[in-house]
Amino acid sequence: ELDNDPGLALLLAIEGAKRNSSRAAENALLSALDAIHEYRTLRGHTSSVGEARFSRDGRFVVTAAEHPYSGNANEPARIWDVPSGNMLHMLDDGTWITSVAISPDNVRVLTATNPYPAWDNRHLGPDERTLRPPCIWDAITGRKIQTLAGACLLAAHDGPFSPDGLLLVTSFGNHAARTWDVLSGRPLA
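Residues numbered from 1 in each chain as written. Predicted model: local features only at pLDDT ≥ 70, side-chain atom pairs only at ≥ 80, totals over all residues. Heavy atoms only, no water.

Novice: Before we go on, may I ask you to explain the overall build of the protein chain in this structure?
Specialist: Looking only at helices and strands, one finds 2 helices and 10 strands in the protein chain. Taken from the N to the C terminus, the helices and strands of the protein chain come in the order α-α-β-β-β-β-β-β-β-β-β-β. Residue burial in the protein chain is summarised as follows: out of 189 residues, 39% are buried. Nonlocal contacts in the protein chain, meaning residues at least 24 apart in sequence, comprise 45% of its contacts between residues at least 6 apart. Split by element, the accessible area of the protein chain, about 10,500 Å² in all, is 54% carbon and sulfur. (Helix = DSSP H or I, 4+ residues; strand = E, 2+ residues; numbered from the N terminus. Buried < 20%, exposed > 50% of the residue type's maximum accessible area, 1.4 Å probe, protein only. Contact = heavy atoms within 4.5 Å. Areas by Shrake-Rupley, 256 points an atom, 1.4 Å probe, with all protein chains shown as cover.)

Here you go:
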């Protein structure tokens, strides 16, 4: 795969090195690293990209903007096709999306909006500006599935999803957590 798809060759070399640590595995890994000189410029954001998350299968990447420094109140996240670099979907909920997470099954995307950068003490919220609810999106169609009303999530990370991608945990108020059914958007516990 080295000539056809250097990215796949790298993934295979990593897996081979995990399974059989040897000089041949190390050489395959080094060859794959050397061959992966792929370069893609993903154009579409109107501000700097602050976060990018790859799907577990490496087929797509989701990007979110840095925290807002201007008067613009809306910056959607975007889903990109990795092989071509083409934008597949724009995830636009009318807010400035600052972080994203992809479910373990690569089917859903979680977005969160936090208007304050980490160095600003106000990011420790919650206040009126940070209580924008997170959203769940279909990664295949780009359609919004749910808005988790009442949830407080200052940053989306991969950890909140259950291994099957059907449950999600978010913070809820002070010192509390809430479990959500991803498909219905209902709080469970």
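Novice: How do you make sense of the nonpolar core when you look at a structure like this?
Specialist: Looking at soluble globular proteins, one finds that nonpolar side chains tend to be buried together. Residues Phe60, Val62, Ile79, Leu91, Val100 and Val109 are the most contacted members of the largest nonpolar core, which totals 13 residues. With 3 residues, the single largest contributor to this core is strand β2 (residues 60-65). Beyond its immediate sequence surroundings of up to four residues, Leu91 is in contact with Val62, Pro76, Ala77, Ile79, Ile97, Val109, Thr111, Trp137 and Gly142. Counting 12 residues, the second-largest nonpolar core is a separate cluster that includes Leu110, Ile136, Phe161 and Trp180. (Core = buried A, V, L, I, M, F, W, Y, C linked by side-chain atoms within 4.5 Å.)

Novice: What should I look at first to understand the packing of aromatic side chains in this one?
Specialist: Any two aromatic rings considered together are summarised by their centre-to-centre distance and by the angle between their planes. What the rule picks out here adds up to 0 aromatic pairs. Against the face of Trp180 rests Arg178, its NZ or CZ located 5.6 Å from the ring centre. (Phe/Tyr/Trp six-rings, centres within 6.5 Å; stacked < 30°, edge-to-face > 60°. Lys NZ or Arg CZ within 6 Å of the ring centre and 35° of its normal.)

Novice: In this structure, what is going on with the packing of helix α1 (residues 6-19) against helix α2 (residues 23-35)? I would like to understand it.
Specialist: How two helices sit against one another is set out by the angle between their axes and by the gap between those axes. Closest axis-to-axis distance for the α1/α2 pair is 8 Å, and the angle between their directions is 155°. In this view, α1 runs roughly antiparallel relative to α2, as classed from their interaxial angle. Judged by the sense of rotation from one axis to the other, the crossing of α1 with α2 is left-handed. Residues Pro6, Ala9, Leu10, Ala13, Ile14, Gly16 and Ala17 of α1 pack against Ala25, Ala28, Leu29, Ala32, Leu33 and Ala35 of α2. Of the residues belonging to the contact of α1 with α2, the class tally is 12 nonpolar, 1 polar and no charged. (Axes fitted to C-alpha atoms, helices over the stretch in contact; angles between N-to-C directions. Parallel < 35°, antiparallel > 145°, perpendicular 65-115°, else oblique. Left-handed = near helix turned anticlockwise from the far one by under 90°. Nonpolar A, V, L, I, M, F, W, Y, C, P; charged D, E, K, R; others polar.)

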